[in-house]
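Read off the chains here:
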Amino acid sequence: MIATISNATRDCGTYGYGTFEDNVRELARLNFQAEVAWQVEQGVLARHGLLRHSRVLDVACGAGAMTCQIATLLQRGSVLGVDLNESLLGEARERRTDSIADKIAFRKGDVYRLKDIGQFDFAYARFLFQHLERPIDALRSIGDALRPGGRVLVVDVDDRDLCCVPENDGFVRFLAEAARGQKRGGGNRMIGRALPELLQQAGFEEIRKETVRFDSDSMGLDPFLELTTTFKLEQFAPSVRADAERWLSAVVAQLHRQRARLQIDIHCVSGAVNA
């Protein structure tokens, strides 16, 4: 058991692109995540209120892969991607193509300070809230940026819904250690199931919720682990990173020998600002 885990403060809660041991690999993971999820995610967006004429705020847009995808759905609408990380915003601006240039923009923005950024019909925050120490404050800030009747959609994980068949004790313990490290930094790997209550506490109404499932059968075990597990090594302190990497490598080898199947349920919850 590895007991010493990092609690370093980062530029957005427990996530900070640029602090990764391999930032190129992390950027590739973010892009692959958007590519894999898009076919499912565009349906989720529509079911939770995104319209072709919506003015959209993409909160913590990262490298802009999903922001650009959203722009392709819009006709008379527009999308603004905001993020604190200048490096990721640079990647996002480079990604913008001529076909969507008039519908999309990127700027630096803090999820806790969105009141003066404009008024939007729809806000989107994917895989952000697991990293935040003050999720209700963040939701209220997003609410301040929505017009009356506007909706926010929050998409996030709950590691209790990351399952392995057959069960693997080493995998479960690795997830638990990484979750403890994220908790020490103010994050919460179990936030997914709490999202409906958090939106209610922040004053949102007309709560809608659904889960979507991804599994290793559809993408392969190693790509699935890259998306869901390997990056969690960043929650371990540098002094124990090598031990954590050896631990995870042994677990992955065992999963292959077992021909294990992994799956995860993604929580999608939206709410409306009082009209």
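The model shown is predicted, which means the values in this text are computed figures rather than measured ones.

**Student:** Give a detailed account of the packing of aromatic side chains, specifying residues and quantitative values.
**Tutor:** Across all of its chains, the model carries 2 aromatic pairs by this definition. Each member of the aromatic cluster is reached from another via a ring pair, and the members are F174, F236 and W247. Residue placement shows R55 over the ring face of F120; its charged tip is 4.4 Å from the ring centre. Note that R134 overlies the ring of Y112, its terminal NZ or CZ placed 3.9 Å from the centroid.

**Student:** Which residues make up the nonpolar core, and what values do they have?
**Tutor:** By size, the foremost hydrophobic cluster in this structure holds 55 residues, and its most contacted members are I70, F171 and I266. When neighbours within four sequence positions are excluded, I266 is seen to be in contact with F127, V155, D156, V157, E210, T211, V212 and F214. Among the nonpolar cores identified, the runner-up in size contains 29 residues, and L57, V111, A123 and F204 belong to it.

**Student:** Residues and numbers for the packing of helix α1 (residues 23-47) against helix α2 (residues 65-73), please.
**Tutor:** When two helices pack together, you describe them by how their axes are tilted relative to each other and by the distance separating the axes. Contact geometry of α1 with α2 gives a least axis separation of 10 Å together with a crossing angle of 35°. Like other packed secondary-structure pairs, α1 and α2 cross with a definite hand, here right-handed. Across the interface between the two elements, N31, A34, W38, E41, Q42 and L45 of α1 pack against A65, M66, Q69, I70, T72 and L73 of α2. When its residues are assigned to classes, the contact of α1 with α2 shows 7 nonpolar, 4 polar and 1 charged.

**Student:** Which residues make up the environment of Q33, and what values go with them?
**Tutor:** Residue position: Q33 is located in helix α1. The spacing of Q33 and L198 is 165 residues in sequence and 25 Å in space, taken between C-alpha atoms. Every residue in contact with Q33, bar those within four places of it in the chain, is listed here: R126, F127 and L227.

**Student:** Can you tell me about the pattern of salt bridges, naming the residues and giving the values?
**Tutor:** A complete count under the given rule lists 20 salt bridges for this structure. Salt-bridge contacts for E206 lead to R151; the nearest nitrogen and oxygen are separated by 3.7 Å. Here the residue E206 occupies a position in strand β7 (residues 205-215), and R151 occupies one in strand β5 (residues 146-156), the gap between them amounting to 55 residues. A salt bridge links D161 to R193, with the nearest nitrogen and oxygen atoms 2.8 Å apart. Of the two residues, D161 sits in the loop between β5 and β6 (162-165) while R193 sits in the loop between α5 (169-184) and α6 (195-201), which places them 32 residues apart along the sequence. Look at the salt bridges and you will find they share partners, linking D158, R160, D161 and R193 into a network.

**Student:** Please give an account of the pairing of strand β2 (residues 78-83) that cites residues and values.
**Tutor:** In terms of burial, β2 is a largely internal element, 5 of the 6 residues being buried. When strand β1 (residues 55-59) meets β2, the two strands line up parallel, connected through 5 bridges. Note that in β2 the partner of L57 across the bridge is L80. Once the chain exits β1 it traverses α2 before rejoining the sheet at β2, and the crossover so formed is right-handed. Across 5 bridges, β2 lies against strand β3 (residues 104-108) in parallel orientation. By the bridge assignment for β3, D83 is matched with K108. Running through helix α3 (residues 86-95), the crossover from β2 to the neighbouring parallel element β3 is right-handed.

Rules used throughout
Residues numbered from 1 in each chain as written. Predicted model: local features only at pLDDT ≥ 70, side-chain atom pairs only at ≥ 80, totals over all residues. Heavy atoms only, no water. Phe/Tyr/Trp six-rings, centres within 6.5 Å; stacked < 30°, edge-to-face > 60°. Lys NZ or Arg CZ within 6 Å of the ring centre and 35° of its normal. Core = buried A, V, L, I, M, F, W, Y, C linked by side-chain atoms within 4.5 Å. Buried < 20%, exposed > 50% of the residue type's maximum accessible area, 1.4 Å probe, protein only. Contact = heavy atoms within 4.5 Å. Axes fitted to C-alpha atoms, helices over the stretch in contact; angles between N-to-C directions. Helix = DSSP H or I, 4+ residues; strand = E, 2+ residues; numbered from the N terminus. Left-handed = near helix turned anticlockwise from the far one by under 90°. Nonpolar A, V, L, I, M, F, W, Y, C, P; charged D, E, K, R; others polar. Salt bridge = Lys/Arg side-chain N within 4 Å of Asp/Glu carboxyl O. Pairing = 2+ DSSP bridges. Right-handed = clockwise from strand over helix to strand, strands pointing away.

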